[in-house]
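Results of the structural survey
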Amino acid sequence: MSRDARWKALLELLVERGRLEVEEAATALEVSAATIRRDFDQLAEQQMLVRTRGGAVVHGVSYELPLRYKTARRASEKQRIAKAVAGLVAPGEAVGLTGGTTTTEVARALAVRGDLSSGSPALTIVTNALNIANELAVRPQFKIVVTGGVARAQSYELIGPLADGVLAQIRLDVAVLGVVAFDVTHGAAAHDEAEAAINRLLCERAERVVVAADSSKLGQRAFARICAADLVSTLVTDTAVSQDTVGRFEDAGIQVLVV
């Protein structure tokens, strides 16, 4: 296993479990304990984890792992959510997609919809996420609009005032938000304030807003607010959500789809 592949596997294990011991990680990856200790030390130097006696732990809630290390978390739930969100989009609509693992799955679900295989265009996709634009650019039936801005390495998203100028000139039928937290009282939120600002503009330009979030994000708070809950039309989440949580969002006037 290459070092990059080993680091990716280590970080995914760490995100899933919250804490990893050296021996536990060595067994899981079938490498020596000395190799894992060296990996932990090097990842700690890059602020990807916190070194502890005998192992490592994830950073606090304000810390955000790069997108490439989060793709395996709740993958099946995200794919189900994405398919349901894609089903809410009508042919010919203009769709805004923020960055994130769940919205990336939404883009993939839209790409394989049979009724969107042709059109002029079948959809207009507006995104500030470089990875989403890259995946969809090969679909000639989709018109892809990229906001512009400065690339943020953590999430592949473009941020800053250059994006504002593009978003001020467009109108969207629907904005699909990937969030790190969504709460009835505190609204939808992200870790980074510049990222949240672009996502907020996408919401303001849309006729309806859909939050695509697995159940672990619900009832949570994060540093930077994207929008209030009353701006969200629909929440799509997974079956692990509690009925109490569903009830709170429905009482706030939000349609909740559990998939």
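The structure we're discussing is the one just above.
Attention here is on the structure that accompanies the text. Please read all numbers here as calculations on a predicted model, not as lab measurements. (Residues numbered from 1 in each chain as written. Predicted model: local features only at pLDDT ≥ 70, side-chain atom pairs only at ≥ 80, totals over all residues. Heavy atoms only, no water.)

Here we look at the pairing of strand β11 (residues 187-190)
For strand β10 (residues 181-183) and β11, the ladder comprises 3 bridges, and the chain directions are antiparallel. Bridge pairing links A181 to A189 in β11. Count of turn residues in the β10/β11 antiparallel hairpin: 3 residues. Two strands pair when backbone bridges link them, and β11 and strand β13 (residues 224-227) are joined in this way by 3 bridges, in the antiparallel orientation. Counted as the bridge partner of A190 is A224 from β13. (Pairing = 2+ DSSP bridges. Helix = DSSP H or I, 4+ residues; strand = E, 2+ residues; numbered from the N terminus.)

Considering the sheet that holds strand β4 (residues 94-97)
Taken in spatial order, the 7 strands make up an open sheet running β6-β5-β4-β9-β12-β14-β15, and their pairing is parallel. What marks the edges here is a single partner per strand, and that holds for β6 (142-146) and β15 (255-258). For this sheet the average axis-to-axis angle between neighbouring strands, irrespective of direction, equals 20°. Bridge count for strand β12 (residues 206-212) against strand β14 (residues 234-237) is 3 bridges, and the pairing is parallel. Its bridge partner lying in β14, V211 is registered against L235. (Axes fitted to C-alpha atoms, helices over the stretch in contact; angles between N-to-C directions.)

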